[in-house]
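As a plain string of letters, each chain reads:
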Amino acid sequence: MTRSRRRKLDRRTAPEAGCRAHAVDVAIRGTQAGSLLLAGMSVAFAQQQTSGGLEEIVVTAQKRQESMQNVPLSIQAFGTERLEALRISDFTDYVKFLPSVSFTTLGPGFSLPYFRGVASGENNNHSGPSPSVGMYLDEQPITTIQGALDIHLYDIERVEALAGPQGTLYGASSQAGTIRIITNKPDPSAFDAGYAVEGSTVSDGGEGYLAEGFVNMPVSTNAAVRLVGWVRRDPGYIDNVGATRVFPTAEALNPDGGCVSNLRNPPAGCVSTPVGPKEDFNEADTYGARAALRVDLNDTWSITPTVMGQKTEADGLWAYEPNVGELEVAQFYRDYSEDEWYQAALTVEGKLGRFDVMYTGAYLKRDVIVDSDYSDYSYFYDQGGSGIYWGDDAGVPLQNPSQYVLGKDGYTRQSHELRIASPAEDRLRVVGGLFYQTQDHEIFQRYKIDNLGGYLCCDADGNAGEGDFYGIEVTGWDDTIWLTNQLREDQDQAIFGEVSYDFTDKLTGTVGLRYFEFENSIRGFFGFNANYSGNYGEALCFSDRQFKGSPCTNLDDEVDDSDTVQKYNLTYRLTDDKLVYATFSEGYRPGGINRNNTVPPYKPDFLTNYEFGWKTTWLDNTLRLNGAVFHQEWDDIQYSFLPPSGAGLTVIRNAGSATIDGIELDATWAATEHLSIYGGLTALNAELDEDYNEDAGDPDDTGPEAFKGDRLPITPEFKANMVARYESTFGTYGWFTQGGVVYNGDTYSDLKRADREILGKNDSYTLVDLSAGVTRNGLGLTLFISNAFDESAETLRYAQCATDTCGPNPYYVPVTPRTIGIRFSQEF
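Residues numbered from 1 in each chain as written. Predicted model: local features only at pLDDT ≥ 70, side-chain atom pairs only at ≥ 80, totals over all residues. Heavy atoms only, no water.

Enquirer: Got a minute to help me understand the nonpolar core in this structure?
Expert: One broad trend across soluble globular proteins is that nonpolar side chains are buried collectively. Judged by nonpolar contacts, the single largest core of 56 residues is most densely connected at Phe78, Tyr94, Ile151 and Val159. Setting aside chain neighbours within four positions, we find Tyr94 in contact with Phe78, Ile88, Met135, Leu153, Val159, Ile179 and Ile181. In this structure, Ile449, Tyr455, Ile593 and Cys801 belong to the second largest nonpolar core, which totals 25 residues. (Core = buried A, V, L, I, M, F, W, Y, C linked by side-chain atoms within 4.5 Å. Buried < 20%, exposed > 50% of the residue type's maximum accessible area, 1.4 Å probe, protein only. Contact = heavy atoms within 4.5 Å.)

Next comes the structure, spelled out in structure tokens:
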């Protein structure tokens, strides 16, 4: 449906007609390109009709350069031109155009992709299981435990998406697929520079801007430096409105009542909270830079050190409360995030005899601050008749028992890979290597109630406020009802390789294997004061050793394991421009420790893929038709959730198994010299193979939470897109017009039936994007409209705490509202 009021300002960059074609790791061969290839399965962008038809695109998905049409793998790739034409500047921009990819997002820096329906609807907690999709920046993995970096995309050579398990070459967390972001490298051959500025406005919302630029400077005949920078404002489009709450227990026991209000002039008898009403409540500022040096040591060896960093500060929520109003929330405490990271990387490339050799290493540091309003939990827990009376240090009743959270996550990651590849022209070809990585995650969350001292509960008849008074602040932490202060360490190493052999000129076989070992541990403190709970916190302390200021240590455990994943492929070339292939492949995620040590560790989960695909070109190389059908088996699914009724900490369990059957198709047609049409689709049937019972074997087991045949969450059963682009000239001017449409089917946000009944289903939606522009002598001017018909829809529904407690007040994450903007660019 069309939205009736204010909606969002887009933060994407506008396209630019006539921009240069970069050779992206997708190395593009042929004359200058300017068209699109958009996709479902083995897609790559930066093609256009030439005298010979569609251009050849070379990719490195199998860690060697190959023509995309010769790679028996589901590949989607956006080249530089396509990134600019589609105005792709961040994660949510490019996944929209990938039919095989679904996603969840809670705002800038908090997004997770899912390939081919491999999603369980987990709560995306910062200490949950590892993601099922691996993310790479150039050759280095950038997937932290909470998710990947939300990198601003500018001066990017390619974004490449590999669908299906990539376990043999990419390892842990590439269980369902891999996304690679390849930057443009320094070029000693010539000076190059460019910049762009953009302004935009969201329907009934705020205004945003974007400024970005790059310069490539040769410093000698064999060395160059490339510098890139950007600054961006994402405007708000969600309003925080005035609201008042009355806590029943405080109302009954406190002489001043239990009224809490976010109004600056609250009603008589109400306590005012720190955050008040504000229009365009959610907004974000991002700035960052990248610097790279390339030195060609000789004809065969080169080194490329790179440093990249980015900081994003976001205020407000990127979701709304339908109980309050469309694109409106009623928040009482600050919602704020700060995501700051940098990565230093080194790549060394060369030859030893006939073999290509590469070493790549990186060090990543990421710090995330998240302050959150958690007053829904306090309010609905009290509404449910908790029988708890909160007081200050003297036992005087608290009029406002609202909770809020102060959180910080500190990530460090170090990775190293050394690999070798034999010549691509050999009949027998080998690629293999060694891999090692370690990552630390410092977890800190402090749940506070202002002026908290203790609680009074209850007399012999269960009446609140009639029993003994207990001090319940976490020892040493004022006003803190719950503290999480832990260190999680994940380490894995592997040896991997793939061998391909041409049995004939038409038939090729490939065998791949990865042997891996992992060791994951977590230690520290979690929970309440012992006066408040005997199940969590200080009551479970087994060591007086204070962990980073915590009262004690009540968690110290580790898990380790080793295993292998395999790949087998047969490829048959029907003609020079048509092939078919069959693949068996596996992917995995390592197991780990629950940070609630009353729950046992969770096991690795594995994905097995059976795939038949085809890659074909027709009509004198003007029509490309690719596709695949697949059957996937997902075993020992890792599923994270919040236990019911305020039991506290995220729990990860293995939730049985599921099967996923699907088909992916894409088509690219250079219809005329000026007109290109391209599109793709994915259709899926993803469902559980067995009942899921998270309490199986427990005395309080109430039966399964999800049942055999239930549809998996997050991913639609059907997703498709289509883009048409017309380019021409008028005198000395180049001009273009472009239209794109994306359809996303309906989805559930969670696996469990009880949650589905409370939260409901995310409806299907259709988005239309339009743009037009002119270019002349390196200058470009583009007008764009995103979500042109102001479609109102949501991508995710969630509750602030466990759904059985906070479910009456759900939150919906909306799609980007209609945005109108203009972009000016220049290249030298």
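Enquirer: Explanation requested: the pairing of strand E32 (residues 507-527) in the structure shown.
Expert: Moving residue by residue along a regular strand, the side chains alternate between the two faces of the sheet. Looking at chain direction, strand E31 (residues 480-502) and E32 are connected through 20 bridges and run antiparallel. The partner of Ala494 across the bridge, within E32, is Phe516. The antiparallel pairing of E31 with E32 creates a hairpin that spans 4 residues between the two strands. Bridge count between E32 and strand E33 (residues 555-575): 18 bridges; the pairing is antiparallel. Bridged to Arg523 within E33 is Asp556. (Pairing = 2+ DSSP bridges. Helix = DSSP H or I, 4+ residues; strand = E, 2+ residues; numbered from the N terminus.)

Enquirer: For this particular structure, what's the right way to read the state of the cysteines?
Expert: As used in these notes, a disulfide is a covalent bond between sulfur atoms, one from each of two cysteines. Counted according to the given criterion, the structure contains 3 disulfides. Two residues, Cys541 and Cys552, share a disulfide whose sulfurs are 1.6 Å apart. Here the residue Cys541 occupies a position in the loop between E32 and E33, and Cys552 occupies one in the loop between E32 and E33, the gap between them amounting to 11 residues. Classification of Cys541 by relative accessible area gives partly exposed; the value is 28%. Taking the relative accessible area as the measure of exposure, Cys552 reaches 4% and is therefore buried. Linked covalently through their sulfurs, Cys801 and Cys806 form a disulfide whose S-S length is 1.8 Å. Judged by the torsion about the S-S bond (95°), the Cys801/Cys806 disulfide is right-handed. (Disulfide = S-S within 2.5 Å.)

Enquirer: For this particular structure, what's the right way to read a nonpolar patch on the surface?
Expert: A contiguous nonpolar surface patch, about 830 Å² in accessible area, is contributed by Tyr726, Phe730, Tyr733, Trp735, Val774, Leu781, Leu783, Ile820 and Ile822. Mapped by element, the contributors of at least two residues to the nonpolar patch are strand E41 (718-730), strand E42 (733-744), strand E46 (779-786) and strand E49 (819-827). Residue position: Leu781 is located in strand E46. Overall, Leu781 belongs to the partly exposed group, its relative accessible area being 37%. (Patch = residues over 30% accessible without salt bridge, like charges linked within 9 Å, V, L, I, M, F, W, Y side chains within 5 Å. Areas by Shrake-Rupley, 256 points an atom, 1.4 Å probe, with all protein chains shown as cover. Salt bridge = Lys/Arg side-chain N within 4 Å of Asp/Glu carboxyl O.)

Enquirer: Please clarify how the side chain of Ser111 should be interpreted in this entry.
Expert: With respect to the helices and strands, the residue Ser111 is situated in strand E7 (residues 111-115). With relative accessibility at 8%, the residue Ser111 sits in the buried group. One polar contact links Ser111 to Thr105, side chain to side chain, over a distance of 2.7 Å. Each residue touching Ser111, except ones within four places of it in the same chain, is listed here: Phe91, Thr92, Thr104, Thr105 and Ala148. (Polar contact = N/O pair within 3.5 Å; in protein donor to acceptor, adjacent residues only side chain to side chain.)

These figures come from the coordinates and say nothing about function on their own.
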